[in-house]
Amino acid sequence: MKNILEYEEYRKLLDNPLWHLCRSNTENAISNFWAYLIQTTGNISVILGKQCPQKIDKQKVFASREKSHTDLLLDLGNKILIIENKTKSLPSDMQVKKYADNLIKKKEYKNKKIKIEKYLITPIKTKNNKSNDKNKIQYLTYNDVCKNINNYVNKANFNNKTKIIINKFIEIMFSISKIISKLKRDYQLLGYWQDKPSEDIINKMREDKTYSLIKYANNSFLNSFFKDGAFKKIKNDANTLEVDFGKAGPLISFKFKSKKNRLEGIQIQNKQFKYFIEGPSSISDKETKQFAQEHKPDDYNFAGKKEICRYKTKEGIFKYRYVKIESKKDLIKLLNFFVKKRKKI
């Protein structure tokens, strides 16, 4: 596979002047773009297509941006549309359902019979949308939305300057979609183990503000790497499985409930294999050291200047020690050892 930095769509994205205006918060910029189009046309079908040929009061559109934590919440009187856009974080059905549940508890909607339609829009296809259950989330891709916009704009009365800007934004969405599709299985760019050529690419992508586009490879890696054997067992046995994209890049966490009703486990991120305990602030350094020591192979040394690393969480604290992951072989060995230790618990 060609180096992603040499990929035509990657260069095309960097050459797009609008990308440099929105790259610091791409998700927010794209959602604002959708809101602008809905407000300008007064019709939701410009984004959602023929399945939703609903007109809307133009004044309500931007007032609905980021309302109740949603990207777009459109109040149509007897119906509410929740439109969630996922570019900088992984898509979550539960998040969208939570928004809907919290919405109907609000005073203005509590005693009303309202229908809520939920839309989750992602750069690439994440799920099939074959269900006839209208209460379920409806999934669209950026390509779907781009086609809907193109179909509408070609018929609408936009001036040429506006059409140029709209087309440039469509190009951003197409490029993001194609880049993510290409990166989906480029696991070395997740940075989980040492790899000099990949590290150079990662650093350049960070500089270009494109590295967050790799996050979809994380789900693909999890589904592929942990699909059978011992690794599948750790995936299935974990009380909490976390696949995310933090400040230090992609991460995967396997969390197990301990006898003290805390969470303990491993986290893989940025060439670090972390042994952690998460819970109230009363977690001692001693028990964190002990947990890490028991679950680490004897021929690996702890890394980092601090004996115990830590950061605050909503519930209390996350304490850990870690060893460096030098290669993919290292990662497999560390995972296998942890799985064996878990079997004895």
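The shown structure was predicted, so the numbers you read here are calculated from the model rather than taken from an experiment. (Residues numbered from 1 in each chain as written. Predicted model: local features only at pLDDT ≥ 70, side-chain atom pairs only at ≥ 80, totals over all residues. Heavy atoms only, no water.)

**Structural notes on the sheet that holds strand E4 (residues 138–141)**
Picture the strands of a sheet paired through backbone hydrogen bonds; they go either parallel or antiparallel.
So, point 1. A sheet is described by the order of its strands in space; here four strands give the open sequence E1-E2-E3-E4, paired in mixed fashion. On the outer flanks of this sheet lie strand E1 (72–75) and E4, each paired with one strand and no other. Taken over all neighbouring pairs, the strand axes of this sheet differ in orientation by 20° on average, direction set aside.
So, point 2. Sheet topology places strand E3 (residues 115–122) next to E4; four bridges connect them, and they run parallel. Bridging across to E4, Leu 120 finds its partner in Tyr 139. (Pairing = 2+ DSSP bridges. Helix = DSSP H or I, 4+ residues; strand = E, 2+ residues; numbered from the N terminus. Axes fitted to C-alpha atoms, helices over the stretch in contact; angles between N-to-C directions.)

**Side note on helix H3 (residues 26–41)**
So, point 1. For H3, built from 16 residues, the straight-helix expectation of 22 Å at 1.5 Å per residue is met to within 8% by its first-to-last C-alpha distance of 23 Å.
So, point 2. Where H3 is concerned, the buried positions are Thr 26, Glu 27, Ala 29, Ile 30, Ser 31, Phe 33, Trp 34, Ala 35, Leu 37, Ile 38 and Thr 41.
So, point 3. In the stretch just after H3, Gly 42 is the one whose phi turns positive, near 70°. (Expected span 1.5 Å × (residues − 1). Buried < 20%, exposed > 50% of the residue type's maximum accessible area, 1.4 Å probe, protein only.)

**Looking at the sheet that holds strand E5 (residues 240–246)**
So, point 1. An order of E5-E6-E7-E8-E10-E9 is seen for the six strands of this open sheet, with the pairing classed as antiparallel. At either end of the open sheet lies a strand with only one pairing partner, and these are E5 and strand E9 (309–312). Here the strands of the sheet are splayed against their neighbours by 25° on average, with no regard to which way each runs.
So, point 2. Both strand E6 (residues 249–257) and strand E7 (residues 263–269) contribute to a ladder of seven bridges, which runs antiparallel. In the strand pairing of E7, Phe 254 is matched with Ile 266.
So, point 3. Each of E7, strand E8 (272–279), E9 and strand E10 (317–324) is contacted by helix H12 (residues 285–294), which is oriented at about 140° to E8, the strand it contacts most. (Contact = heavy atoms within 4.5 Å.)

**Digging into the environment of Pro 53**
So, point 1. Relative to the helices and strands, Pro 53 resides in the loop between helix H4 (45–48) and E1.
So, point 2. The spatial distance from the C-alpha of Pro 53 to the C-alpha of Asp 71 is 20 Å, given a sequence separation of 18 residues.
So, point 3. Discounting residues that sit within four places of it in the chain, Pro 53 has contacts with Asn 43 and Ser 45.

**A closer look at the packing of aromatic side chains**
So, point 1. Inspection of every chain in the model, using the stated rule, returns 18 aromatic pairs.
So, point 2. Ring geometry for Phe 225 and Phe 231: centres 5.5 Å apart, planes at 15°, overall stacked. Comparing Phe 225 with Phe 231 shows no difference in burial state: the two are buried.
So, point 3. Between Phe 226 and Phe 231 the ring centres are 5.7 Å apart and the planes differ by 50°, which places this aromatic pair in the tilted class. An identical accessibility class is assigned to Phe 226 and Phe 231; each is buried.
So, point 4. Taken together through their ring pairs, the aromatic side chains of Tyr 187, Tyr 192, Trp 193, Phe 221, Phe 225, Phe 226, Phe 231 and Phe 254 make up a single cluster.
So, point 5. The lysine or arginine in question, Arg 321, covers the ring of Phe 302, its NZ or CZ lying 4.1 Å from the ring centre.
So, point 6. Above the ring of Phe 256, the side-chain terminus of Arg 342 is found at 4.2 Å from the ring centroid. (Phe/Tyr/Trp six-rings, centres within 6.5 Å; stacked < 30°, edge-to-face > 60°. Lys NZ or Arg CZ within 6 Å of the ring centre and 35° of its normal.)

**Considering the packing of helix H7 (residues 142–155) against helix H8 (residues 160–183)**
So, point 1. For the pair H7 and H8, the least separation of the axes is 9 Å and the interaxial angle reads 160°. Of the possible angle classes, the one that applies to H7 and H8 is roughly antiparallel. Read as a crossing pair, H7 and H8 show a hand that is left-handed. Of the residues in H8, those in contact with Tyr 142, Asn 143, Val 145, Cys 146, Ile 149, Asn 150 and Val 153 of H7 are Lys 163, Ile 166, Asn 167, Ile 170, Met 173, Phe 174, Ile 176 and Ser 177. (Parallel < 35°, antiparallel > 145°, perpendicular 65-115°, else oblique. Left-handed = near helix turned anticlockwise from the far one by under 90°.)

**Considerations on unusual backbone geometry**
Among all residues save glycine, negative phi is the norm, and among peptide bonds the norm is trans.
So, point 1. Residue Lys 209 is not a glycine yet carries a positive backbone phi of 65°.
So, point 2. Tracing the sequence through the fold places Lys 209 in the loop between helix H9 (196–207) and helix H10 (215–225).

**Looking at the side chain of Lys 79**
So, point 1. With respect to the helices, strands and loops of the structure, Lys 79 is situated in strand E2 (residues 79–85).
So, point 2. Looking at Lys 79, the relative accessible area reads 16%, which means it is buried.
So, point 3. A distance of 3.5 Å separates the side chain of Lys 79 from the side chain of Glu 117, its partner in a polar contact.
So, point 4. Excluding anything up to four places from it in sequence, Lys 79 contacts Gln 54, Leu 74, Lys 115 and Glu 117. (Polar contact = N/O pair within 3.5 Å; in protein donor to acceptor, adjacent residues only side chain to side chain.)

**Considerations on the pairing of E3**
Two faces, one strand: in a regular strand the side chains alternate between the faces of the sheet.
So, point 1. Extensive coverage of E3 is indicated by the burial of seven of its eight residues.
So, point 2. In terms of strand pairing, E2 meets E3 through seven bridges, oriented parallel. Counterpart to Ile 83 in the pairing with E3 is Tyr 119.

**Structural notes on the side chain of Gln 272**
So, point 1. Mapped onto the elements, Gln 272 comes out in strand E8.
So, point 2. In this structure Gln 272 comes out as buried when scored by relative accessible area, which is 14%.
So, point 3. With sequence-adjacent residues up to four places away left out, Gln 272 is seen in contact with Gln 267, Tyr 320, Tyr 322, Val 323 and Ile 325.

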